[in-house]
Each structure stands twice: as C-alpha cells, then as structure tokens.
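Okay, here's what each chain looks like letter by letter:
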Amino acid sequence: MDMKLTKQINIGGVPVGGGAPIAIQSMTNTDTRDAKATLAQIRALAEAGCDIVRCAVPDKAAAEALREICAGSPIPVVADIHFDYRLALAAIEAGVDKIRLNPGNIGGADRVQAVVKAAKERHLPIRIGVNSGSVEKHILEKFGGPTPEAMVESALYHVKLLNDCDFDDICISIKSSSVPNTMQAYLLASEKTNYPLHLGVTEAGTEYMGTIKSAAGIGGLLALGVGDTIRVSLTDDPVKEVHAAKAILRAVGRAEEGINVVSCPTCGRTRIDLIGIAKEVERRCAEIHGRKLKVAVMGCVVNGPGEAREADLGIAGGDGEGLIFRRGEILRKVPQERLVDELMDEIAHFEGE
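Residues numbered from 1 in each chain as written. Predicted model: local features only at pLDDT ≥ 70, side-chain atom pairs only at ≥ 80, totals over all residues. Heavy atoms only, no water.

(A) Focus on the sheet that holds strand 12 (residues 292–298). Read from one edge to the other, the open sheet built from five strands follows the order 11-12-13-14-15, with strand pairing classed as mixed. Two strands in the sheet have a free side with no partner beyond their single neighbour: strand 11 (258–263) and strand 15 (329–335). For this sheet the average axis-to-axis angle between neighbouring strands, irrespective of direction, equals 20°. Where strand 12 meets strand 13 (residues 313–317), four bridges bridge the pair, whose relative direction is parallel. Each bridged residue has a counterpart across the sheet, and for M298 the counterpart in strand 13 is A316. Across the sheet, helix 12 (residues 336–349) is in contact with strand 11, strand 12, strand 13, strand 14 (321–326) and strand 15; its angle to strand 15 comes to roughly 140°. (Pairing = 2+ DSSP bridges. Helix = DSSP H or I, 4+ residues; strand = E, 2+ residues; numbered from the N terminus. Axes fitted to C-alpha atoms, helices over the stretch in contact; angles between N-to-C directions. Contact = heavy atoms within 4.5 Å.)

Below, the structure written as structure tokens:
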C-alpha cells in the first residue's frame, strides 16, 4: 500500500513526511549533562543507522550541555522538553534541530508564542507528543479515559495552540502502551490531519516484548500506509532500538537499504545446521551497508528453489552440503562448512540486473 503523502518538515537536513524515506529515531539514556557520554552514545546510534536522536532536557545544565552535544553530533538532535518553556528557549539557543514539546503544558499563550518565535527564527519544527498518560483532564472526562479518540483530541488541541501562533511546522506522535489503542489513534489522526506522524508504542518493554509490540504496532501502521518516522522504545541499550527499527522497515518493505534475510523454520527434512547457518548469515549481513538484497536460507529442496527464485541469492540445504542459487539458478554445490563464506562472497560481488 502506498504511504499517505503528508506535509514535509525538515529536521537538521533530514526530511520527514511528504514521501521522504522513513526516518529512524532513538533517544539517549545517558545523563544529558554529561556531554561526552551522550555524544559517545549518539555516535554509536548513528553508526547503527539512526537518523535523528532525542535528548532529555530536565534542567538548565542539560540545556547548556546541548551546545557541545549539537556541535559534535553526526545526526540531528531533538530536545525533549516538559513543562518549562525556558528550557525550550535554552535548547533552541544551544543549537538543537527540533523541539519535542506540548504547548498546552508550558503555561499561557505568551510562553507558547515565545517558543514559536524562537523556533521560527531557527526554522525548527516542533513535535507534539501525546501519550495515554498525558491526556488533559477535561478530555479524559469527555471520553471516559485515554481512548484513541481522547489522545487524538489532545494532539489536535496542542496543534491548535501552535496554529493560533501562526506555526505550522509540526510533527505528531500519539502513543499508548496498548498496541490496538496506538494503531487506532494513529489511523484516526491520519484521517483528521496532514501533519507527518512519528510512530511508536510507548513503554513497550524489554528487548523481547518491546520489539514484538513495536513490530506489531509500527509495522502494522506502515503496512497500512501510515507513518513518516519511527522510534522503537525498548528498556535496553538504545542501539537495539535502531536495530529493531531497521528490521521492522525491512519486514514491511520500507527500508531504503539493507539485506532482507528470509529463512525456513526447519523441519524433519533438514539435514544441515540450518539454525546456525541462518543466524550466521543474518549476523554477517547486518554488517553490510549501502546494499538492498533479498537472501534466502532454506533447509531443503522442497521450498528452497522456489524461495531462492524470488530472492537475489540463496542457499538450499542438503545432507551436510547445500546449493547456492542466484535468482533461482543453481550456481554450485558447496560443503556445509563453506556455505556461509561462499554465500557472503556472492553477496559481495552481486550487482543485480
């Protein structure tokens, strides 16, 4: 399904929305006041494939540290602001590329106007970030709780506050820890607004469950044509968020690059160490950048040739050996111990058609 064409914003040179590639985001979990540690983590995230990074700004010292962080960051930096408009102004002055802020919780219209004025001067977009725990009391009372409809109304309330200040450079996120509620909220928001949508499932959990919930919610929405940028939220090293995000994009066919490894689940016909081979191929393919290929790792000839025909390259296992295919054409038979090395060699020299 084609993606909905939304308004495009620009975050430090990274376009979001308007048909641009899906941008991957993450958030540092270092103390922002420790600029060196934060920069080290940002560089690791960038190397993993992160396009945009967000940093918490809980106090003035953190805002000041953003000067060094923004100056040294290889990717655009977003300031995460809650309640205090002065921190938003300080972060903008420090050189951030975007502000994450809900204008309804920073005080009166004069404070919103001050932030908008500063953002306009620097050509910075603002992300409105609503989650199930941040919905305003009067909206909760109207809907009887943080329903998808309530979250969307909350987001549109904040949008209006910015629009009233003649500000339109906006991105929206509407997250819940419930996958169905998250999906319903984003689908409703996509119907009601044309702003780019930042997808995510909040408080998704640890690496295992958080990845599953994010794949279901984020991947499901992307498959329906909704979403412009994504952040997988994991209670873990944020680099793992980036790896999960890249895998989700590959799974739904939205990745701009990367090697998509497909492999069969094995059965009683399997006579080679397919599990070990598949894991090794996946690990080594993850280290390859700038390529876009489909690679099949199959356990026997029942599904192997067919899957390999659909893939650019593939393996079909036998008894202690396997066949290497190139778009369905058998290239050669290889002993099991050389299968991965020779497949990787084929990948390295594959030029497509």
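What follows picks up the thread again.
(B) Spatial organisation of unusual backbone geometry. For D166, which is not glycine, the phi torsion reads 60° and is therefore positive. Mapped onto the fold, D166 is located in the loop between helix 6 (148–163) and strand 8 (170–175). Despite not being glycine, E203 has its phi angle at roughly 50°, a positive value. Residue placement: E203 occurs in the loop between strand 9 (198–199) and helix 8 (207–223).

(C) Seen up close, the pattern of salt bridges. Counted according to the given criterion, the structure contains 26 salt bridges. For D80, the salt bridge identified is with R100, shortest N-O distance 3.6 Å. In this pair, D80 sits in strand 5 (residues 77–80) while R100 sits in strand 6 (residues 98–100), placing the two residues 20 residues apart along the sequence. Here D80 and R100 have matching classes, each one buried. Of the charged contacts in the structure, one is a salt bridge between K142 and E153, with a shortest N-O distance of 3.0 Å. Here E153 lies in helix 6 and K142 lies in helix 5 (residues 137–143), a separation of 11 residues in the sequence. Residue K142 is classed as exposed on the basis of its relative accessible area, which comes to 55%. (Salt bridge = Lys/Arg side-chain N within 4 Å of Asp/Glu carboxyl O. Buried < 20%, exposed > 50% of the residue type's maximum accessible area, 1.4 Å probe, protein only.)

Geometry only, nothing functional implied.
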